[in-house]
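Summary of the model geometry
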Amino acid sequence: MLRALILFLALFMWIAFNMFSAVVVGWTIKVCIYFPYLTSVSGAELEWVLSNFSTDDVTATTFTVMANATYQATQTARTFPSINNIGKGRTQLISFMEQSVYVDAGTQVVDLSSDTGTASAYGGTLRFSSTGSTGINCKTLIMTCYQGNTTPKRNLVGYICEDDSTSGPGGAKNVIGY
């Protein structure tokens, strides 16, 4: 009986040692921006200025139409070309014009027509990922949104930033409403 107990404790210590000494490699931190309302109507464009204040590069960007006014959305993530990732210390303009997403005032990176169909209103999620050592979060990917093609543009409110970091209150994730 004592021998079984000693073997059990040795096994338990070995498992505990290996669990807590593991190195996490390739962990991805995500920042999601939720837009409840976008439109495919001409003249109601959304321009979003994003500055990467972190010490890491954004390594992947996707946009997913999560809902639309006409039918159930496919909720398929559309990936931006890697050349459009936002490097540390960079500012980028992302525009939602009708059924397309543009980067830096002119380069179409995503066509949303198969996700929005004939809907004039849709909502979606813009997701940024980083595999850097410190990661990105809602406090280091600073953003502001404007809607319309008037001068001056109208500030857009009602969107939410959420991340999976531990930099929020009490070591929890950040959830910030704008």
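1. Structural notes on the overall build of the protein
Broken down by element type, the protein carries two helices and 12 strands. Written out in order from the N terminus, the α and β elements of the protein read α-β-β-β-β-β-β-β-α-β-β-β-β-β. Pairs at least 24 residues apart make up 70% of the contacts formed inside the protein by residues separated by at least 6 positions.

2. Quick notes on the side chain of threonine 62
With respect to the helices, strands and loops of the structure, threonine 62 is situated in strand S3 (residues 60-68). Non-local contacts of threonine 62, meaning those with residues more than four positions away in its chain, are made with Ala77, Arg78, Thr79, Phe80, Thr125, Leu126 and Arg127.

3. Quick look at the pairing of strand S2 (residues 46-52)
Within S2, six of the seven residues are buried, which leaves it mostly tucked inside the rest of the structure. For S2 and strand S5 (residues 91-97), the ladder comprises six bridges, and the chain directions are antiparallel. The partner of glutamate 47 across the bridge, within S5, is serine 95. Here S2 runs beside strand S9 (residues 141-147); their pairing, made up of seven bridges, is antiparallel. For asparagine 52, the partnering residue across the bridge sits in S9 and is leucine 141.

4. Considerations on the state of the cysteines
Considering all chains together, one arrives at one disulfide under this definition. Each sulfur of the disulfide joining cysteine 138 and cysteine 161 lies 2.1 Å from the other. On the sign convention where negative means left-handed, the S-S torsion of about -95 degrees between cysteine 138 and cysteine 161 marks this disulfide as left-handed. Here the residue cysteine 138 occupies a position in the loop between strand S8 (121-130) and S9, and cysteine 161 occupies one in strand S11 (residues 160-163), the gap between them amounting to 23 residues. Each of the two residues, cysteine 138 as well as cysteine 161, counts as buried. Looking at the unpaired cysteine 32, the closest cysteine sulfur is the one in cysteine 161, lying at 8.2 Å.

5. A word on the packing of aromatic side chains
The full count for this structure, using the stated rule, is six aromatic pairs. Between tryptophan 48 and phenylalanine 128 the ring centres are 5.5 Å apart and the planes differ by 25 degrees, which places this aromatic pair in the stacked class. Of this pair, tryptophan 48 sits in strand S2 while phenylalanine 128 sits in strand S8; the two residues are 80 residues apart in sequence, bridging distant segments of the chain. Phenylalanine 128 carries the same exposure label as tryptophan 48, and that label is buried. Between phenylalanine 63 and phenylalanine 96, the ring centres sit 4.9 Å apart and the planes meet at 55 degrees, which makes this aromatic pair tilted. With a gap of 33 residues between them, phenylalanine 63 in strand S3 and phenylalanine 96 in strand S5 connect regions that are remote in the sequence. On the accessibility criterion, phenylalanine 96 (1% relative accessible area) is buried. One aromatic cluster in this structure is built from Phe35, Trp48, Phe63, Phe96, Phe128, Tyr159 and Tyr178.

6. A short note on the environment of valine 109
Turning to its location among the elements, valine 109 is positioned in strand S7 (residues 107-111). Owing to a relative accessible area of 12%, valine 109 belongs among the buried residues under this scheme. Sequence separation between valine 109 and threonine 79 is 30 residues; the distance between their C-alpha atoms is 8.3 Å. Setting aside residues no more than four positions away along its own chain, valine 109 makes contact with Thr79, Phe80, Pro81, Asn84, Val101, Tyr102 and Val103.

7. Here we look at the pattern of salt bridges
Counted according to the given criterion, the structure contains four salt bridges. The residue aspartate 164 makes a salt bridge to lysine 30 at a minimum N-O spacing of 3.8 Å. Within this pair, whereas aspartate 164 is found in the loop between S11 and strand S12 (175-177), its partner lysine 30 is found in strand S1 (residues 29-39), the two being separated by 134 residues in sequence. Note that glutamate 162 and lysine 173 form a salt bridge whose closest N and O atoms lie 2.5 Å from each other. Taken together, the positions of glutamate 162 in strand S11 and lysine 173 in the loop between S11 and S12 put the pair 11 residues apart, joining distant regions of the chain.

Reading guide: rules and limits
Residues numbered from 1 in each chain as written. Predicted model: local features only at pLDDT ≥ 70, side-chain atom pairs only at ≥ 80, totals over all residues. Heavy atoms only, no water. Helix = DSSP H or I, 4+ residues; strand = E, 2+ residues; numbered from the N terminus. Contact = heavy atoms within 4.5 Å. Buried < 20%, exposed > 50% of the residue type's maximum accessible area, 1.4 Å probe, protein only. Pairing = 2+ DSSP bridges. Disulfide = S-S within 2.5 Å. Phe/Tyr/Trp six-rings, centres within 6.5 Å; stacked < 30°, edge-to-face > 60°. Salt bridge = Lys/Arg side-chain N within 4 Å of Asp/Glu carboxyl O.

Structural measurements only, silent on function.
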